Amino acid sequence: TKIGDLHIRYFKAIDEKTLDKKIVADTFTTDAQIVKPNGAVSIGHDNILDGQLKSFARFQATQHTTSDFIIELDNDIATLRTNLTAMHVWTDIAENPALKGKHFHAGGVLLTKAIKTDNQWKISEWIFRNVWRTGEGMNEMAKFARPNE
């Protein structure tokens, strides 16, 4: 569906390192918010783009796979529950150069609210909930953009 495609196209841009203002604007409402597993919140196109670019700059490669979309529609509002599995390969980061080339995997759930405006679906809220993580660099991952820092 067009709603599920929002996830697929967005993670394609993350994995191919092509995320830009247009992709963010095509995916999210102007006041959308992303809530990360550590509680950090990004609100609005500029903050979402800036936060995602900074976060994913730490990785030389990523691969995100979404599955098991459960979509509930109520006119022009949709709620989604989606499974997400991701692999991240660290690049050279100043905080811990020993991580370069090492990786971690994570699995979790995306809870999404989307609204239809001008005959186009856009995400208004994305909540990431980790279920499991394995691999190296969890401390570096967990402390990035932690709230109240």
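1. Some thoughts on the nonpolar core
- Judged by nonpolar contacts, the single largest core of 29 residues is most densely connected at Tyr10, Phe28 and Trp126.
- In terms of residues, this core owes the most to one element, helix H1 (residues 2-15), which gives six residues.
- Not counting the four nearest positions on each side in its chain, tyrosine 10 is found in contact with Leu19, Ile23, Val24, Thr27, Phe28, Ile48, Gln52 and Trp126.

2. Overview of the layout of surface pockets
- Approximately 240 Å³ is the volume found for the second largest pocket.
- Forming the boundary of the second largest pocket are Lys2, Asp5, Leu6, Arg9, Tyr10, Ile23, Asp26, Thr27, Gln120 and Trp121.
- The set of elements that each furnish at least two residues to the lining of the second largest pocket consists of H1, helix H2 (21-27) and strand E6 (120-135).
- Here the residues of the lining of the second largest pocket sort into four nonpolar, two polar and four charged.

3. Some words on the packing of aromatic side chains
- Following the criterion strictly, the structure yields ten aromatic pairs and no others.
- Taking 5.2 Å as the distance between ring centres and 90° as the angle between the ring planes, the aromatic pair formed by tyrosine 10 and phenylalanine 28 counts as edge-to-face. Here tyrosine 10 is found in helix H1, whereas its partner phenylalanine 28 is found in strand E1 (residues 28-35), with 18 residues between them in sequence.
- Judged by relative accessible area, tyrosine 10 falls into the buried class, the value being 0%.
- Take phenylalanine 28: its relative accessible area is 0%, and that puts it in the buried class.
- Taken together, a centroid distance of 5.4 Å and an interplanar angle of 70° make the contact between phenylalanine 28 and tryptophan 126 edge-to-face. Separated by 98 residues along the polypeptide, phenylalanine 28 in strand E1 and tryptophan 126 in strand E6 bring together distant segments of the chain. Note on accessibility: phenylalanine 28 and tryptophan 126 belong to one class, buried.

Here is what the cut-offs are and how they apply
Residues numbered from 1 in each chain as written. Predicted model: local features only at pLDDT ≥ 70, side-chain atom pairs only at ≥ 80, totals over all residues. Heavy atoms only, no water. Core = buried A, V, L, I, M, F, W, Y, C linked by side-chain atoms within 4.5 Å. Buried < 20%, exposed > 50% of the residue type's maximum accessible area, 1.4 Å probe, protein only. Helix = DSSP H or I, 4+ residues; strand = E, 2+ residues; numbered from the N terminus. Contact = heavy atoms within 4.5 Å. 1 Å grid on protein atoms, 1.4 Å probe; cavity = no way out; pocket = protein on both sides within 12 Å on 5 of 7 lines; lining within 4 Å. Points joined across faces, edges and corners; volume = space filled by probe spheres on them. Nonpolar A, V, L, I, M, F, W, Y, C, P; charged D, E, K, R; others polar. Phe/Tyr/Trp six-rings, centres within 6.5 Å; stacked < 30°, edge-to-face > 60°.

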